[in-house]
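Report on the structure
What follows is each chain in one-letter form.
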Amino acid sequence: MSPPVVCVAQEKGIVDAIDQQERRLLMAEDTVKGIATVESGLSSALAASTPDPLVSKEPPGEYKSYKRRWLVLALFVLYSASNAMQWIQYSIIANVVQRYYGVSFLAIDWTSMIFMITYIPLIFPGSWILTKKGLRFTTLLGALGTCLGAWVKVFSVAPDRFWVSFGGQSIVAVSQVFILSVPARLAAVWFGPKQVSSACAIGVFGNQLGVASGFLLPPILVKNHDNLDDIGYDLSFMFYGVAIFTTILFVFLVIFFKAEPPTPPSAAQANRGTSADDESAAEFVRTLVRLFKNGGYILLLLSYGINVGVFYALSTLLNQIVIANFPGADSDAGTIGLCIVLAGMLGSLVCGIVLDKTHKFKETTLIVYTFSFVGMILYSATLGVGQIIIVYITASALGFFMTGYLPVGFEFGAELTYPEAEGTTAGILNAFAQIFGVVFTLIYGWLFGEWGDMVANIFACAALLVGVILTAIIKSDLRRQNASKGPQNGAN
């Protein structure tokens, strides 16, 4: 009976050997799986630490400014200038236009005020179009209108066609809605935080360049001839020149002007994202409600409106005031206006650089405003001394601060209202400027006609003093600067 026992024992030994072999195989398989897991983890870590050159080479949190930004800004400067040069085109040669068309000085004043009147109701849809459609669409729309209005005026050269000229001027005025709000938005979209204020100042510089051209060129091109036909020839030459320039510029904008860079230039712009471009009409209304609940912004609206409104009144009536104090000084009126704007262009650039270097928005705004008030006092006091060279000097000092204030107000408004769209905040600032501009021009003109320039200028000084007080009350709340804190790439 022993052989069966031996067979069972042998079978059991064989089974145990097979089980042990299977366990060794399972352990080996687990080891292989473990090694594969480790290799997978190492590969993932290596991939995470090595940037894909096809995706991005920039470290997280750093932003890039593109060289194309300077071309975009330069095109906008010329576009803005082409519109602004037509604003004062008639008023600065008011005595000549009055003779040629046989209209009143008030009618000529309206060729300037129409820019202010049309802006007030249209700025809200204009700001929404800028926010919804972006920089390129808005800019091309404004450039097309500026070009069309210039060509309409080409056909207005006849003593009985003032209404045609006014119609062309109205088209250009409507187009202004798509210009004045752009500098702050363009600067924020294309420029980093170390250049955004300077870029905004350069953008405003375009408007000032146009105003300077509007002061300078009409008195040179259109002379007060005895023969009306000669005046008509001069007007035709001026209108054709402006129309051809705006046409060429429109073509360049279509080809070269871009809406935005491939990547945002700052943390503030990246944080805003693309939601602004997709903003609905309802959200735009909610934006307006938030802005008008911002106490600091409301104070800035009033102070900004007063400053720019006084400038508009002075510019519109400049020809009449200079001739009243210095009979026969037709060309001097345009040259004094040119000095005011050129000094203001320098003031804008200086203020933009100061803001970028110091980020002292409230302090810079208050200082510039105070010196605008002082400059207005000096200008008023020197009009009656009988020395026109002194008026040149005091008017230039006034222009340096009063016109230089424009980009300072834009940038301070952007700081107070971030993350709202800069185009909207700047647009409302300009709307208040137009309201004050119309009111101040009418009051200033009436006071000048009834009591002379001294009483009119006292009114302007009093208004600026109120603006200084309002500016001093504004709380410095630099929201955009706080959002932009963090590492950035240097500008290219």
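Every value quoted in this text rests on a predicted model; they were computed, and no experiment measured them. (Residues numbered from 1 in each chain as written. Predicted model: local features only at pLDDT ≥ 70, side-chain atom pairs only at ≥ 80, totals over all residues. Heavy atoms only, no water.)

So, about the overall build of the chain. In terms of helices and strands, the chain carries 18 helices and 0 strands. Relative to its full complement of 492 residues, the chain shows a buried share of 52%. Within the structure as shown, the chain displays about 21300 Å² of accessible surface, and the carbon and sulfur contribution to it stands at 70%. (Helix = DSSP H or I, 4+ residues; strand = E, 2+ residues; numbered from the N terminus. Buried < 20%, exposed > 50% of the residue type's maximum accessible area, 1.4 Å probe, protein only. Areas by Shrake-Rupley, 256 points an atom, 1.4 Å probe, with all protein chains shown as cover.)

A separate point is the nonpolar core. In this structure, Leu186, Val310, Met376 and Tyr379 are the most contacted members of the largest nonpolar core, which totals 127 residues. Ranked by residue count, the leading element in this core is helix H11 (residues 295–325), at 16 residues. When near neighbours in sequence (up to four residues on either side) are disregarded, Val310 contacts Met376, Met402, Phe440, Ala460, Ala463 and Leu464. By size, the runner-up hydrophobic cluster in this structure holds 5 residues, among which are Tyr119, Ile123, Leu180 and Ala431. (Core = buried A, V, L, I, M, F, W, Y, C linked by side-chain atoms within 4.5 Å. Contact = heavy atoms within 4.5 Å.)

Our focus in this paragraph is empty space enclosed by the protein. Counting across every chain of the model gives 3 cavities of 30 Å³ or more. Taken as a whole, the largest cavity holds about 280 Å³ of empty space. What lines the largest cavity is a set of 26 residues, among which Gln176, Leu180, Asn207, Tyr312 and Leu406 lie closest to the centre. For the lining of the largest cavity, the elements supplying multiple residues, two or more each, are helix H2 (68–84), helix H4 (105–154), helix H7 (196–221), H11, helix H15 (405–417) and helix H16 (422–451). Take the lining of the largest cavity: its biggest share by element is 5 residues, from H7. The class makeup of the residues in the lining of the largest cavity is 17 nonpolar, 9 polar and no charged. (1 Å grid on protein atoms, 1.4 Å probe; cavity = no way out; pocket = protein on both sides within 12 Å on 5 of 7 lines; lining within 4 Å. Points joined across faces, edges and corners; volume = space filled by probe spheres on them. Nonpolar A, V, L, I, M, F, W, Y, C, P; charged D, E, K, R; others polar.)

Locating Thr146 in the fold gives a position in helix H4. Separated by 3.1 Å, the side chains of Thr146 and Asn83 make a polar contact. Residues in contact with Thr146, not counting those within four places in the same chain, are Tyr79, Ser82, Asn83, Gln86, Val172, Ser175, Ile179 and Thr246. (Polar contact = N/O pair within 3.5 Å; in protein donor to acceptor, adjacent residues only side chain to side chain.)

For the rest of this paragraph, the subject is helix H17 (residues 453–473). Between the first and last C-alpha of H17 there are 31 Å, a value that for 21 residues agrees with the 30 Å anticipated at 1.5 Å per step. Listed in full, the buried residues belonging to H17 are Asp453, Ala456, Asn457, Ala460, Cys461, Ala463, Leu464, Gly467, Val468, Leu470 and Thr471. (Expected span 1.5 Å × (residues − 1).)

Residue position: Thr441 is located in helix H16. Relative accessible area serves as the criterion here: at 3%, Thr441 is assigned to the buried category. Setting aside chain neighbours within four positions, we find Thr441 in contact with Met113, Met116, Tyr312, Ala313, Thr316, Leu317 and Phe436.

Below, the discussion takes up a nonpolar patch on the surface. There is a patch of nonpolar side chains on the surface, built from Leu71, Trp151, Tyr240, Ile244, Ile248, Val251, Phe252, Val254, Ile255 and Phe256 and spanning about 850 Å² of accessible area. Here the nonpolar patch gets 8 residues from one element, more than from any other, and that element is helix H8 (residues 228–256). In this structure, Ile255 sits in helix H8. For Ile255, a relative accessible area of 48% translates into the label partly exposed. (Patch = residues over 30% accessible without salt bridge, like charges linked within 9 Å, V, L, I, M, F, W, Y side chains within 5 Å. Salt bridge = Lys/Arg side-chain N within 4 Å of Asp/Glu carboxyl O.)

This paragraph deals with the packing of H4 against H11. With their axes 11 Å apart at the nearest point, H4 and H11 run at an angle of 155 degrees to one another. With respect to H11, the axis of H4 lies roughly antiparallel. Considering the relative orientation of H4 and H11, their crossing is right-handed. On the side of H4, the interface is formed by Phe105, Asp109, Ser112 and Met116, while H11 contributes Tyr312, Thr316, Leu317 and Gln320. The residue inventory of the contact of H4 with H11, partitioned by class, reads 4 nonpolar, 3 polar and 1 charged. (Axes fitted to C-alpha atoms, helices over the stretch in contact; angles between N-to-C directions. Parallel < 35°, antiparallel > 145°, perpendicular 65-115°, else oblique. Left-handed = near helix turned anticlockwise from the far one by under 90°.)

What follows deals with the confidence of the model for the chain. With 81% of its residues at a pLDDT of at least 70, the chain reaches an overall mean of 80. When the criterion is pLDDT under 50, residues 34–60 qualifies, and its contacts beyond four places in sequence or with other chains add up to 4 contacts. Here residues 487–492 scores under 50 on pLDDT; set against residues more than four positions off or in separate chains, the count is 17 contacts. (pLDDT = per-residue confidence, 0-100.)

On the secondary structure map, Thr316 appears in helix H11. Distance in space between the C-alpha atoms of Thr316 and Gln89 is 10.0 Å, their sequence separation being 227 residues. Ignoring anything within four residues of it in the chain, the contact list for Thr316 reads Trp87, Ile88, Ser91, Asp109, Ser112, Met116 and Thr441. Here Ser112 takes part through its side chain, which lies 2.9 Å from a polar atom of the side chain of Thr316.

Our next topic: the environment of Asn325. With respect to the element layout, Asn325 can be found in helix H11. A relative accessible area of 23% places Asn325 in the partly exposed class. Only 3.3 Å separates the side chain of Asn325 from the side chain of Asp453, close enough to count as a polar contact.

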